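One letter stands for each residue in the lines below.
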Amino acid sequence: MKYILSFDIAKGKSVYCFIDEFKNTIIDASLINHKKDEFDLLFSKIKDYNNLVVIMESTSIYHLPVENYFRSKGINTIVINPKLVKQYKDTLNKSKTDKIDCFKIARCYLGTIDFLYQKNDEYLIYNPLARQYWSLIESQTRLKNRYKQLIEIVFPEFNLIFNDLYSDLALNFIHDFPHPDLFVNRRTDYLMNYLKDKNGTTQAFRFRNKVLKMKDISSKSLCYVDSNSFHVHNLVQTIELIQYHKLEIDKIKNKLIDGLKDKKLFKIINSIPGFGEFSTALFLSEVGNVTRFNNSKQFKSFLGIDSVINQSGISIHYGPISKSGNKFGRTILFNIVTTIIQISAHSNQNNPIYLFFRKKQSEGKHHYKCIIACETKLCKIIYKLCSSNCLYINK
């Protein structure tokens, strides 16, 4: 017989119940604080039951201490999607309390047991790294916007001196010389050698024109910010944060690639045109083992690119994509398809994704509808190759 320990998680505390597979209550709904001694006491009550399953909803980060505690005890622990619980109906009662919810989660598990997947495969263990990458990317975007804003305040002419303000050369120079007063009176050969060293080249004369240009621009600039102002200090600090984020992002990229490059599915997906080593590792760390899905439609639903269908009688309407799945996996897929289309337009017009994109365009479809159609086709390719254990072969 199967026994279910169900939790309704909140911040710092939870309500749990303990039932068997016939929905008979063994321990009624009780409050438990997220403290080790209370969980040890609960564990002592249930440890002698065989075939025990711990079930809980995913609640941001608050369920993680409970999940990790029972996993460390070797107990089968499943985290269920809250949408499954919300949609599960086995009563007409509309009341909602923590006590009712913990029983509902247990009944939902018993009603959907054949469709649940435990996220403990060899790919999803790298998911925390992927989520840290997305967090750093989001922070990096905000920092870059702030950086550009401070450039406009302190010395807008930096835009004329450097083609790319986010390049390592530009960041290093502006960090050391954030105000024109700090370099306008410097010797030309000193600035040439500085740029040579920061750029990693051996020929300083290559930077002579750039140095003369920056000196000329700075001498004519209407710069109203003092070199000792807080704006200049903020600019230096923002650059340091951007450089720190870049280093941390590169570390995560290397860890993901090193950890997944020897896996079977990595080699298969990486063989598909458009997937580089990092995009493959990032994609697998978000979607996990692709072969766990029964078909490509389940794979599409997991990514949230399945169409919302409303049908009644003879009337049927195909709406937009559901967007109810993994948004990060969907973002990766969007970027991959966009890259494939851009590159194939100039170098490989026989790419099946590009040909499919052109076909949909010829049908008069909107650009983004064409992109979504290509994402669907790419999903089918990925699923077919992974389930067949075959590498992609260019024809």
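Novice: Before we go on, may I ask you to explain the pairing of strand β1 (residues 3-9) in this structure?
Specialist: Where a strand is regular, its side chains alternate between the two sheet faces. Across the seven residues of β1, seven count as buried, placing the element largely inside the fold. On β1, burial covers both faces: Y3, L5, F7 and I9 on one face and I4, S6 and D8 on the other are all buried. The loop that links β1 with its antiparallel partner strand β2 (residues 13-20) comprises three residues; one of these, G12, has a positive phi angle of about 80°. Direction of pairing for β1 relative to strand β4 (residues 52-57): parallel, over a ladder of five bridges. Bridge pairing links L5 to V54 in β4.

Novice: What is the right way to look at the sheet that holds strand β3 (residues 25-33) in this model?
Specialist: In sheet architecture, strand pairing relies on hydrogen bonds along the backbone and comes in two forms, parallel and antiparallel. The strand order β3-β2-β1-β4-β5 describes an open sheet built from five strands, whose pairing is mixed. With partners counted over all chains shown, the strands left at the sheet margins are β3 and β5 (76-80), one partner each. Strand-to-strand twist across the sheet, computed as the mean angle between neighbouring axes with direction ignored, equals 20°. Strand direction decides the pairing type here: β2 and β3, joined by six bridges, are antiparallel. Bridge assignment links K13 to a residue of β3, and that residue is N33.

Novice: I'm lost on the environment of N81 in this one. Help?
Specialist: By secondary structure assignment, the location of N81 is in the loop between β5 and α3 (82-87). In sequence terms N81 and S58 are 23 residues apart; their C-alpha atoms lie 5.9 Å from each other. Side-chain polar atoms of N81 contact the backbone nitrogen of K83, separated by 2.9 Å.

Novice: Got a minute to help me understand the packing of aromatic side chains in this structure?
Specialist: The geometry of an aromatic ring pair is captured by the separation of the ring centres together with the interplanar angle, meaning the angle of the planes. Taken as a whole and assessed by the stated rule, the structure comprises 27 aromatic pairs. Ring geometry for F173 versus F177: centroids 5.0 Å apart, planes at 40°, classification tilted. Of the two residues examined, F173 and F177, each falls in the buried class. Seen from the ring of F356, K377 lies directly overhead, with NZ or CZ sitting 5.3 Å from the centre.

Novice: Any chance you could explain the packing of helix α8 (residues 188-199) against helix α9 (residues 208-220) here in plain terms?
Specialist: Contact geometry of α8 with α9 gives a least axis separation of 9 Å together with a crossing angle of 120°. One way to sum up the angle between α8 and α9 is to call them oblique. The element α8 and its partner α9 pack so that their crossing is right-handed. Where α8 abuts α9, its residues T188, L191, M192 and L195 lie against R208, K210, V211, L212, M214 and K215. Here the contact of α8 with α9 is composed, by residue class, of six nonpolar, one polar and three charged.

What counts and how
Residues numbered from 1 in each chain as written. Predicted model: local features only at pLDDT ≥ 70, side-chain atom pairs only at ≥ 80, totals over all residues. Heavy atoms only, no water. Buried < 20%, exposed > 50% of the residue type's maximum accessible area, 1.4 Å probe, protein only. Helix = DSSP H or I, 4+ residues; strand = E, 2+ residues; numbered from the N terminus. Pairing = 2+ DSSP bridges. Axes fitted to C-alpha atoms, helices over the stretch in contact; angles between N-to-C directions. Polar contact = N/O pair within 3.5 Å; in protein donor to acceptor, adjacent residues only side chain to side chain. Phe/Tyr/Trp six-rings, centres within 6.5 Å; stacked < 30°, edge-to-face > 60°. Lys NZ or Arg CZ within 6 Å of the ring centre and 35° of its normal. Parallel < 35°, antiparallel > 145°, perpendicular 65-115°, else oblique. Left-handed = near helix turned anticlockwise from the far one by under 90°. Contact = heavy atoms within 4.5 Å. Nonpolar A, V, L, I, M, F, W, Y, C, P; charged D, E, K, R; others polar.

Such coordinate-based values are descriptive only and should not be taken to indicate function.
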